[in-house]
Amino acid sequence: MSLGLEHYLILSACLFAIGLFGALSKKNTIVVLMCIEMMLNAVNITMVAFSRYVTPQFLTGQVFAIFIMVVAAAEAAVGLAILIAIYRAHKTIDSDKINSMKD
Amino acid sequence: MGLQIAFWILAAMIIGSALAVVFLKNVFRAAIALISCFIGIAGIYVTLSADFLAGAQVLIYIGGISVLILLVILLTHNIPQGSPANRLRVPAFLLAVVFLGLMIFSILNTNFPVSRRTPIEPTTVALGNLLFSQEYVLPLLTVGMLLLSAILGAIVLAREK
C-alpha cells in the first residue's frame, strides 16, 4: 500500500480534531492557545500535501503555508501578550473565571 | 518503502504528542509534547519534499512559538493548577468525533486529481521567486505589515503600566 494524498489528509484531519477538542474543552488558556497552534499546523499539512500531490509543478500550497505560519506567529505573540495582561489584572488564566465582560 | 516507514513513525509521533498536549495534567509537559508534535510535522514536510517549509517550521514553531509558550507558562505560575477540562468536555468530544468522521468520509469518497509529475526540489529558490513575483508580492508586504503591527501590539499589551 503506497503512500497517497489520503494518508496525509487523514493525518491532518486527526490532528485538527484533537486540536478542536482541546481548544473547546480546556480551562487553561495557554493550553487553548497550544491547541489552536496545532489546528493551524494541521491546515498547513493539508496545504503542503495538496501542493505535493495535485499541483507538484507549482508551489502555491507552500506559499499559502508560509502565510499561515506568519499569521500563526502573529497570533501567538498577541495571544500570549493578552494572556500576560489578563494574568496581571486578574491573577488567573482560567477561561471560566475570565468573565468580567459577562456581568 | 523508506518514505512509508518514515511517514508512519512521524504520524504516530504527531498523533501521540497531540493527544499528550490535550490530556497531560502538567502544562509544562504539555508544552514539551507540543514541541515534539512540531518536530514530527517538520518531518512530514520533508516527506512531502517541502524542504524550505521544514526548515521554517523548525525555526518559527520550535525556535519561536514554543519558546514563547514556555516563557508564558513560567511567567504565569499556573503549573500546579494543571489543565482541567471545563463543562463543555463531552459536547466538544462529540463535535470533534463527528468532525473527524465527516472529514474521513469525505476524504475517502473524493476522487482527487493526483498528478504524476515529480515535484520541484529544492524548493527554496522557486519559493523565493514565486513570493516576489507579481501575484504574491502584495500579500507578502501586507503580511510584513501584519507582523510589525502584531509585534507592536504585543509589546503594548504586555508592558508594565
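Cut-offs applied
Residues numbered from 1 in each chain as written. Chains lettered and ligands numbered in written order. Predicted model: local features only at pLDDT ≥ 70, side-chain atom pairs only at ≥ 80, totals over all residues. Heavy atoms only, no water. Axes fitted to C-alpha atoms, helices over the stretch in contact; angles between N-to-C directions. Helix = DSSP H or I, 4+ residues; strand = E, 2+ residues; numbered from the N terminus. Parallel < 35°, antiparallel > 145°, perpendicular 65-115°, else oblique. Contact = heavy atoms within 4.5 Å. Nonpolar A, V, L, I, M, F, W, Y, C, P; charged D, E, K, R; others polar. Salt bridge = Lys/Arg side-chain N within 4 Å of Asp/Glu carboxyl O. Buried < 20%, exposed > 50% of the residue type's maximum accessible area, 1.4 Å probe, protein only. Buried area = accessible area lost by both parts, 1.4 Å probe. Polar contact = N/O pair within 3.5 Å; in protein donor to acceptor, adjacent residues only side chain to side chain. Disulfide = S-S within 2.5 Å. pLDDT = per-residue confidence, 0-100.

Draft legend 1. Local environment of the packing of helix α2 (residues 29-53) of chain A against helix α3 (residues 51-76) of chain B. In the contact formed by α2 of chain A and α3 of chain B, the axes pass within 11 Å of each other and the chain directions differ by 170 degrees. The angle between α2 of chain A and α3 of chain B places the two elements in the roughly antiparallel class. Across the interface between the two elements, Ile30, Met34, Glu37, Leu40, Asn41, Asn44 and Val48 of chain A of α2 of chain A pack against Leu53, Gln57, Tyr61, Ile65, Ile69, Val72, Ile73 and Thr76 of chain B of α3 of chain B. Of the residues belonging to the contact of α2 of chain A with α3 of chain B, the class tally is 10 nonpolar, 4 polar and 1 charged.

Draft legend 2. Representation of the pattern of salt bridges within the structure. All names here are of chain A. Summed over all chains, the structure comprises 2 salt bridges over all chains. Asp94 is the salt-bridge partner of Lys97, the closest N and O atoms lying 3.5 Å from each other. Using a relative accessible area of 10% as the deciding quantity, one classes Asp94 as buried.

Draft legend 3. Focus on the interface of chain B and chain A. Facing 83 residues of chain B, the contacting portion of chain A comprises 69 residues. A combined buried area of about 7,100 Å² lies between chain B and chain A, and 79% of that area is made up of carbon and sulfur atoms. Linking chain B with chain A are 0 salt bridges. Our count for the contact surface shared by chain B and chain A stands at 7 residue pairs in polar contact (both at pLDDT 80 or more). Where the side of chain B that touches chain A is concerned, the elements lending two or more residues are α1 (2-23), α2 (27-47), α3, α4 (89-108), α5 (124-131) and α6 (137-158) of chain B. Looking at the side of chain B that touches chain A, the element that brings in the most residues is α3 of chain B, giving 13 residues.

Draft legend 4. View of the state of the cysteines. Taken as a whole and assessed by the stated rule, the structure comprises 0 disulfides over all chains. Take Cys35 of chain A: it sits in no disulfide, and the sulfur closest to it among the cysteines is that of Cys37 of chain B, at 9.8 Å. On the basis of relative accessibility, which here comes to 0%, the residue Cys37 of chain B falls in the buried class.

Draft legend 5. Highlighting unusual backbone geometry. Despite not being glycine, Lys91 of chain A shows a phi value in the positive range, around 60 degrees. Topologically, Lys91 of chain A is positioned in the segment after α3 (60-90). Lys91 of chain A sits in the exposed class, given a relative accessible area of 60%. With a phi angle near 50 degrees, Ser49 of chain B is a residue other than glycine that sits in the positive phi range. In this structure, Ser49 of chain B sits in the loop between α2 and α3. The exposure class assigned to Ser49 of chain B is buried, which follows from its relative accessible area of 10%.

Draft legend 6. Spotlight on the side chain of Thr76 of chain B. Note on placement: Thr76 of chain B falls in helix α3. Given the relative accessible area of 1%, Thr76 of chain B is considered buried. Other than its neighbours up to four places away in sequence, Thr76 of chain B contacts Ile30, Tyr87 and Ile93 of chain A.

Draft legend 7. Fine view of the confidence of the model for chain B. Averaged over chain B, the pLDDT score is 90; the fraction of residues at 70 or greater is 97%. Quick note on the complex model: pTM equals 0.91, ipTM equals 0.91.

Draft legend 8. Representation of the environment of Thr60 of chain A. As for its position among the elements, Thr60 of chain A is in helix α3. On the accessibility criterion, Thr60 of chain A (29% relative accessible area) is partly exposed. Sequence separation between Thr60 of chain A and Gly19 of chain A is 41 residues, and the spatial gap between their C-alpha atoms is 25 Å. In this structure, Thr60 of chain A is in contact with Leu130 and Tyr136 of chain B, ignoring residues within four places of it in sequence.

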